[in-house]
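Below, each chain spelled out in residue letters.
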Amino acid sequence: MKDHFGFFKTNPPPSRHSDFYLGCHEGAVFMNFNCTAQQCIYLKSISFDGYGYCDQPLEAHQLSPRDSERFRLEMRKDPLDQKVVGELVYQLIQLNRRQIWSDALAEYGWGSE
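A brief report on the enclosed structure follows. Everything quoted here is computed from the prediction, not taken from an experiment. (Residues numbered from 1 in each chain as written. Predicted model: local features only at pLDDT ≥ 70, side-chain atom pairs only at ≥ 80, totals over all residues. Heavy atoms only, no water.)

**Some words on helix 1 (residues 65–75)**
- Residues Asp67, Ser68, Phe71, Arg72, Glu74 and Met75 constitute the buried set of helix 1. Along the axis of helix 1, the buried residues cluster in a sector spanning 165°; they form a single face. Pointing more than 90 degrees away from the buried face of helix 1 are the exposed residues Pro65 and Arg66. (Buried < 20%, exposed > 50% of the residue type's maximum accessible area, 1.4 Å probe, protein only. Helix = DSSP H or I, 4+ residues; strand = E, 2+ residues; numbered from the N terminus. Arc of directions from axis to C-beta.)

**Structural notes on the packing of aromatic side chains**
- One pass over the full model with this rule turns up 8 aromatic pairs.
- Plain terms: the ring middles of Phe33 and Phe71 are 5.0 Å apart, the flat faces sit at 55° to each other, and that makes the pair tilted. Here the residue Phe33 occupies a position in strand 3 (residues 29–35), and Phe71 occupies one in helix 1, the gap between them amounting to 38 residues.
- Owing to a relative accessible area of 0%, Phe33 belongs among the buried residues under this scheme. (Phe/Tyr/Trp six-rings, centres within 6.5 Å; stacked < 30°, edge-to-face > 60°.)

**Section: the packing of helix 1 against helix 2 (residues 82–96)**
- Two numbers describe how helix 1 lies on helix 2: the axes approach to 10 Å, and their chain directions differ by 135°. In terms of axis orientation, helix 1 runs oblique to helix 2. As helix 1 runs across helix 2, the sense of the crossing is left-handed. Counting all contacts with helix 1, which are made through Asp67, Arg70, Phe71 and Glu74, the residues of helix 2 involved are Val84, Val85, Glu87, Leu88 and Gln91.
- Taken together, the residues of the contact of helix 1 with helix 2 sort by class into 4 nonpolar, 1 polar and 4 charged. (Axes fitted to C-alpha atoms, helices over the stretch in contact; angles between N-to-C directions. Parallel < 35°, antiparallel > 145°, perpendicular 65-115°, else oblique. Left-handed = near helix turned anticlockwise from the far one by under 90°. Contact = heavy atoms within 4.5 Å. Nonpolar A, V, L, I, M, F, W, Y, C, P; charged D, E, K, R; others polar.)

Written as structure tokens, this is what we have:
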């Protein structure tokens, strides 16, 4: 995995309501995250320039409670710690990689590791 994706907090269009939003790759990739009732973070959707919008199954695969807390704490910071966010997003990508286009993951630096 690359060390720096340039993660940034963003505001999505009203049609994509989620608890947290991140962009990276200078706006070529956007991700929406939600919390479960147990406060665990999961990837709700991801979109890639050139590939489109990839919705994830409801609460499919989620971060552990500990890592979910790390994610929520990091999302309160400005600026984001790129290393911490990168590690957590990478975990979610790996947990959900069967539902995400492998060619998009490879092009944007999350190919098979």
